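# Architecture at a glance
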Amino acid sequence: MDIKKDFKPITWALIPIAVLVNGAGGWLLSKLDTPFYLDTIGTIFVAVVAGPFAGALTGVITNVILGLVSPGYIPYWPVPLLIGLVAGICANAGMFKTWWKVVLSGLFIAVTAAVASALISARVFGGVTFNPAYFLLEEPLDKIATALIVFVIARFLPEVVLSRLPRPENVKPE
């Protein structure tokens, strides 16, 4: 895995845009009071088109900025890092080329995020709480929807843009 390949100038340009998309998506959906968060669209997009480490960095930067506004985010910094890593690994394995593989990727991302969040909550708050609706419905639906949104966005990228990305092969149809 060539990390230098992933961090092209376009990656550095995408990261702040992705952080903004993460924050705006999360803020908007929280105001609409939906069961979706859609606060990782930017993280997953960067992970898919630029690799797992770029996606992980995008997630961590988002979390640090959110932590400045709301300190409750700070202990959860490993969650978006893991989301970026898992999404990038799935994309590198060809899991963002067909819709049904994207759904599977969304499930992998959801399980990773839910388990990591639960472990951090247990550590920070001194106990495990299990919310079946979150684990079985909200998190999987959110991450599957987010992964599908990224899939659609990537499919509509013009070839001139796609060719400049570090990992265009991750989104080109089979």
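Going by the structure above, here's the rest.
Below you will find a few notes about this structure.

### Brief notes about the overall build of the chain
Within the chain, the regular secondary structure consists of eight helices and zero strands. Each helix and strand of the chain, placed in order from N terminus to C terminus, yields the pattern α-α-α-α-α-α-α-α. Relative to its length of 174 residues, the chain is compact, with a C-alpha radius of gyration of 15 Å against a globular reference of 16 Å. On the principal axes, the C-alpha backbone points of the chain span a range of 50 × 35 × 35 Å. By the burial criterion, 45% of the 174 residues in the chain qualify as buried. Carbon together with sulfur atoms contributes 75% to the accessible area of the chain, which is approximately 9,000 Å² in total. Positive and negative charge centroids in the chain, built from 12 and 10 side chains respectively, lie 8 Å apart.

### Things to note about the environment of A91
Within the secondary structure, A91 sits in helix α5 (residues 78-92). When its relative accessible area of 1% is taken as the criterion, A91 is described as buried. Here the alpha-carbon distance between A91 and L68, two residues 23 residues apart in the chain, equals 31 Å.

### With respect to the packing of aromatic side chains
Taken as a whole and judged by the stated rule, the model has one aromatic pair. Pairing F7 with W12 gives two aromatic rings, centres 5.0 Å apart and planes at 35°, and the pair type is tilted.

### What to know about the side chain of K143
With respect to the element layout, K143 can be found in helix α7 (residues 132-155). One polar contact links K143 to E139, side chain to side chain, over a distance of 2.9 Å. With sequence-adjacent residues up to four places away left out, K143 is seen in contact with D39, T40, I83, G106, I109, A110 and A113.

### Description of the nonpolar core
If you look at the biggest cluster of nonpolar residues, it comprises 37 residues, and the most contacted ones within it are I44, V46, V48, V49, V79, F96 and V150. Broken down by element, this core gets its largest block of residues, eight residues, from helix α3 (residues 41-50). If near-sequence neighbours (up to four positions away) are discounted, I44 is found in contact with I83, A87, F96, I109, T146 and V150.

Calculation notes
- Residues numbered from 1 in each chain as written.
- Predicted model: local features only at pLDDT ≥ 70, side-chain atom pairs only at ≥ 80, totals over all residues.
- Heavy atoms only, no water.
- Helix = DSSP H or I, 4+ residues; strand = E, 2+ residues; numbered from the N terminus.
- Rg over C-alpha atoms; globule rule 2.2 N^0.38 Å.
- Buried < 20%, exposed > 50% of the residue type's maximum accessible area, 1.4 Å probe, protein only.
- Areas by Shrake-Rupley, 256 points an atom, 1.4 Å probe, with all protein chains shown as cover.
- Lys, Arg positive; Asp, Glu negative; His and termini not counted.
- Charge placed at Lys NZ, Arg CZ, Asp CG, Glu CD.
- Phe/Tyr/Trp six-rings, centres within 6.5 Å; stacked < 30°, edge-to-face > 60°.
- Polar contact = N/O pair within 3.5 Å; in protein donor to acceptor, adjacent residues only side chain to side chain.
- Contact = heavy atoms within 4.5 Å.
- Core = buried A, V, L, I, M, F, W, Y, C linked by side-chain atoms within 4.5 Å.

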